[in-house]
Amino acid sequence: MNGPSAAVDLSVVIPAYNEEQRLGPTLDAVTGYLDDNEGRWGEWEVVVADDGSTDATRTLVTDREDARIQLVSGPRNRGKGHAMRMGVAASRGRRVLVTDADLAAPIEELEKLDKALSEGNAAAIGSRALPGATIGDRQNRLRELLGRAGNLLIRALAVPGIRDTQCGFKLFEGEGAREAFAASKIDGYGIDVEVLRHLRRAEGQIAEVPVRWSHRPGSKIRALDYVRFLADLARLRLRSVRRADLLAVLVFLLMAVALYSGRVFDPEHRYLTDSLQDQNQWEWFFAVTADNVAHLHNPFFSDLQGFPDGVNLMANTVMLGLSVPFAPLTLLAGPAVSLSVVMTLGLAATAAAWYWLIVKRVVAKRSAAFVGASLAAFAPPMVSHANAHPNFVILFMIPLIVDRALRLCTGARVVRDGIVLGLMAAYQVFLGEEPLLLAMIGMLLFAAAYAVVRRDVAKQAWRPLLNGLALAGAVCLPLVVWALAWQFAGPQSYRSVLHGDDAGNSPLALLSFAERSLIAGNAHRANALSLNPTEQNAFYGWPLVLLAFAIAVRLWERALVKALAVTAVGAALLSLGPRFRIPMTDQVYPGPWAALAKLPLFESVIEGRVAMICAPALGMLLALALERLTSTRNLGTQYLGLLGVCLALLPLIPAPLKAVERPATPAFFTDGAWKPYVHKGESLVPVPLPDPGSAEALHWQQRAGLGFKVPGGYFNGPWGKDRIGIYGAAPRYTSQMLRDVRYTGVVPEIGKNWRAQARRDFAYWKAGALVVAPQQNDDALRKAVTELVGHDAKWVDGVWVWDLHTGG
């Protein structure tokens, strides 16, 4: 007989709690099988780990006169995980089988696990989910559904690729099992996941083996155990996160808060001046979406603005993917708060997503990944769009889409990854279609370059990639087809948006510094090289361009560097537009964008935005260089390299976005004084009508609880027979004239023709009243409106009102 510390060939560990009804037959079956097959399994032991049972479970073990059957026990019930840990710790086997007390998987299935373990795996686990598994008596339907949902979560969060972690029949290499269970901390059912995750991290292979399995009555699992299991899974996931990763996310959040510090602490009363009128527009988008959700209205359309024609919301990038889930916050705290929270958190989430992708795919060094992700998310064009365009700064889905496409290239799980990619793409459509299109351009540039330098990889990857993309399209299209049909063919849809003949970047813009650069910013020069402060789409600065060139030259032997360099250069060239002028000359040449400019979808893109693709490409190049620099032993090289990185990045550090106190909303809108003037089916007409140059009236409408409709507005809509997209409502004579008076202070001679035209326009707008708030040239506006209407206004709660019902 073996001594107490002598090793045996096989240990069978059985966790037990109040198992007096089921443990006896299980011990008989296990010991009988092992005795009958002693030549196969050698010397063995059975360890029953009692978890504080209150019935005769312990007696069933101690009464057996077989020294090979041992009992270890705890003073109180702490959970199956604790029992398994005790039992494995007491085991002496070169191999350890852990099986449930009900023996739902027959002991004869051990042969299958042993064969798999002998093939060099650290563990072989029984599975009910693989083809070849045989299920006898089944659990009830609810437990099966809960089990499947749990397995999906486990695969997503803890041990990808394992389809059934909870089947209680697992065979381990002895020392590996004792080490893994000793390192575990979970006392509940989540210990299976924790142990398998430990083996994975130790680079041990895990074989999943289909087995016979039948449900046994008397299960100890209760409803609360599912909740505890989810809690264990969450704790396991949190423990697996490195402190450096948590610190990186926290710093990204602080960086986003610092950027928005002028608005984030009082969004209701602060306005980002460089957003022009876009903050008013986006707050209205969030407000009307929340209103549609609250009243179960069509989320793709509203006539609260642009009345009576309305606004095609799907054609205006209202970000339903966020404005809908944030509707409760919008209704509770207002659209200004909701938009501020979304943009701040969204920018931090974008940086975190790029960080995750860089750590996973580019470099292992966290500090290098942090710097690269910071550049990707806080590059000058991102900061410019942070003023006004949440759809261009909330890009956290793009790195996830890139990673999923790269997974497809391996061909490992084409169906699963194709489905997930399709779901991701569908969600991104509801966050922003133009960023998705730009991401696709960047991915195509990278794929083409990488395929040239690594033809062997491309040869293996192209078939699973295309199959996966086809599957992704098949998943995505049904989810977005109705929304896209509404966008391109629904009411107030349009063909393309007019951005001017050439909205590309000047080559100088790629080398210059943005307006919001803390150190090197020059507003005059930046605005001269861009459309406006929200469209400074390049401005990476010549030091960073030189540094990127040096990195590419130094690391050119790496295929990844070549592909990233081609991606950045290709995107920069495309961003120059259909034609560009050589600086300081009169030489104009066609640009690469000319081949795309007239294509559907591409014709609506502001081509200068393509330079935003450079940000993550440059960030990854920078991360690669920093990893190389920090690993070199040459202190001189390290010092000069890090100095160069600092000199290139310091000019790009952004100053906080400019914000000012928001003008107070007239009490006429906030106290409900407008209500007697607007009857059902009518509109209230702010003068001048809101447009892309002055949209504060949209904020007044929000403060009035969206209680009235307004003609005009700031949105994209159709104009003319060709339905060309323009900014704002289709112009009418009266709205144009009042707009000119607002900006010039000159009132034209108003006679019968102007009055007749105004009556037609008022009728078209179904106007109940006209309102002039105190503003630039308000005296001229009052005079013009009085002559058009034929009677004077009334001063009501801070505005002049012309009631079109009474004539007075």
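Higher on the page you've got the structure.
Since the model is a prediction, treat every value here as computed from it, not as a measurement.

## Here's the deal with the overall build of the protein
Part 1: A count of helical and extended segments in the protein gives 32 helices and 21 strands.
Part 2: Residues counted as buried form 53% of the 808 residues belonging to the protein.
Part 3: A separation of at least 24 residues holds for 76% of the contacts in the protein among residues at least 6 apart in sequence.
Part 4: Carbon and sulfur atoms provide 60% of the accessible area of the protein, an area that totals close to 35,900 Å².
Part 5: Looking at charge distribution, the protein has the averaged site of its 82 positive side-chain charges lying 4 Å from that of its 73 negative ones.

## Regarding the pattern of salt bridges
Part 1: Here the structure, examined in full by the defined rule, presents 39 salt bridges.
Part 2: Residue E109 pairs with R212 through a salt bridge whose shortest N-O separation is 3.1 Å. Of this pair, E109 sits in the loop between β4 (93-99) and α5 (110-117) while R212 sits in strand β9 (residues 212-213), placing them 103 residues apart in sequence.
Part 3: On the accessibility criterion, R212 (36% relative accessible area) is partly exposed.
Part 4: Note that R361 and D403 form a salt bridge whose closest N and O atoms lie 2.9 Å from each other. Of the two residues, R361 sits in helix α15 (residues 335-361) while D403 sits in helix α18 (residues 397-410), which places them 42 residues apart along the sequence.
Part 5: On the basis of relative accessibility, which here comes to 35%, the residue R361 falls in the partly exposed class.
Part 6: Each of R40, R95, E111 and D114 takes part in one network of salt bridges that share partners.

## Some details on the nonpolar core
Part 1: Counting 144 residues, the largest nonpolar core has F252, L544, L618, F668, F669 and L684 as the members making the most contacts within it.
Part 2: Ignoring sequence-local partners within four residues, the contact set of F669 consists of W674, L684, W700, R703, A704, F708, V771 and V799.
Part 3: Ranked by size, the runner-up nonpolar core spans 33 residues in total, among them Y33, I107, A124 and V209.

## Concerning the environment of A333
Part 1: Inspection of the secondary structure puts A333 in helix α14 (residues 327-333).
Part 2: On the basis of relative accessible area, A333 is assigned to the partly exposed category, the value being 33%.
Part 3: Residues A333 and E194 lie 139 residues apart in sequence; the distance between their C-alpha atoms is 41 Å.

## Description of the pairing of strand β18 (residues 724-727)
Part 1: Pairing between strand β17 (residues 716-719) and β18: four bridges, direction antiparallel. Opposite W719, over in β18, you have I724 as the bridge partner.
Part 2: Once β17 ends, the chain turns through four residues before running back antiparallel as β18, passing G720 with a positive phi of about 80°.

## Observations concerning unusual backbone geometry
Part 1: In this structure, P308 follows F307 across a cis peptide bond, with omega equal to 5°.
Part 2: If you trace the backbone, P308 turns up in the loop between β11 (301-302) and β12 (311-312).
Part 3: In this structure, P688 follows V687 across a cis peptide bond, with omega equal to -5°.
Part 4: By the element assignment, P688 lies in the loop between β16 (683-686) and α29 (696-703).
Part 5: Positive phi, normally seen in glycine, also occurs at N18, with a value near 55°.
Part 6: Along the chain, N18 turns up in the loop between β1 (8-16) and α1 (23-36).
Part 7: Positioned with a positive phi, L296 is a non-glycine residue whose angle comes to about 55°.

## Considerations on the side chain of D291
Part 1: Here D291 lies in helix α12 (residues 278-295).
Part 2: K709 is the oppositely charged side chain nearest to the buried, salt-bridge-free D291, at an N-O distance of 8.2 Å.
Part 3: Other than its neighbours up to four places away in sequence, D291 contacts H297, L304 and L706.

## Some thoughts on the packing of aromatic side chains
Part 1: Throughout the structure, instances matching the rule amount to 18 aromatic pairs.
Part 2: With 5.7 Å between their ring centres and 20° between their planes, F446 and Y450 make a pair best called stacked. Here the residue F446 and the residue Y450 both occupy positions in helix α20 (residues 433-453), the gap between them amounting to four residues, near one helical turn.
Part 3: Here F446 falls in the partly exposed class, since its relative accessible area comes to 21%.
Part 4: Judged by its relative accessible area of 23%, Y450 falls in the partly exposed class.
Part 5: Where F669 meets W700, the ring centres are 5.0 Å apart and the plane angle is 20°; that geometry is what we call stacked. Placement of the pair is F669 in helix α28 (residues 667-670) and W700 in helix α29, with a sequence separation of 31 residues. We note that F669, like W700, is buried.

## A look at the pairing of strand β8 (residues 206-210)
Part 1: Most of β8 is tucked away, with four of its five residues classed as buried.
Part 2: The pairing of strand β5 (residues 123-127) with β8 spans five bridges and is classified as parallel. Bridge pairing in β8 links I125 to E208.

## A look at the side chain of H82
Part 1: Inspection of the secondary structure puts H82 in helix α4 (residues 80-90).
Part 2: With residues up to four places along the chain from it excluded, the contact list for H82 reads D51, I186 and D187.

## Some details on the sheet that holds β1
Part 1: The strand order β3-β2-β1-β4-β7-β5-β8 describes an open sheet built from seven strands, whose pairing is mixed. Each edge of the open sheet carries a strand with a single partner, namely β3 (69-73) and β8. Adjacent strand axes in the sheet meet at a mean angle of 20°, parallel and antiparallel pairs treated alike.
Part 2: Relative to β3, strand β2 (residues 44-50) runs parallel, the two sharing five bridges. Within β3, the residue paired with V48 across the bridge is L71.
Part 3: Sheet strands in contact with α5 are β1, β4, β5, β7 (169-173) and β8, and its direction is about 35° off that of β7.
Part 4: Its contacts with the sheet put helix α7 (residues 174-183) on β4 and β7, and the angle it makes with β4 is roughly 55°.

Calculation rules
Residues numbered from 1 in each chain as written. Predicted model: local features only at pLDDT ≥ 70, side-chain atom pairs only at ≥ 80, totals over all residues. Heavy atoms only, no water. Helix = DSSP H or I, 4+ residues; strand = E, 2+ residues; numbered from the N terminus. Buried < 20%, exposed > 50% of the residue type's maximum accessible area, 1.4 Å probe, protein only. Contact = heavy atoms within 4.5 Å. Areas by Shrake-Rupley, 256 points an atom, 1.4 Å probe, with all protein chains shown as cover. Lys, Arg positive; Asp, Glu negative; His and termini not counted. Charge placed at Lys NZ, Arg CZ, Asp CG, Glu CD. Salt bridge = Lys/Arg side-chain N within 4 Å of Asp/Glu carboxyl O. Core = buried A, V, L, I, M, F, W, Y, C linked by side-chain atoms within 4.5 Å. Pairing = 2+ DSSP bridges. Phe/Tyr/Trp six-rings, centres within 6.5 Å; stacked < 30°, edge-to-face > 60°. Axes fitted to C-alpha atoms, helices over the stretch in contact; angles between N-to-C directions.

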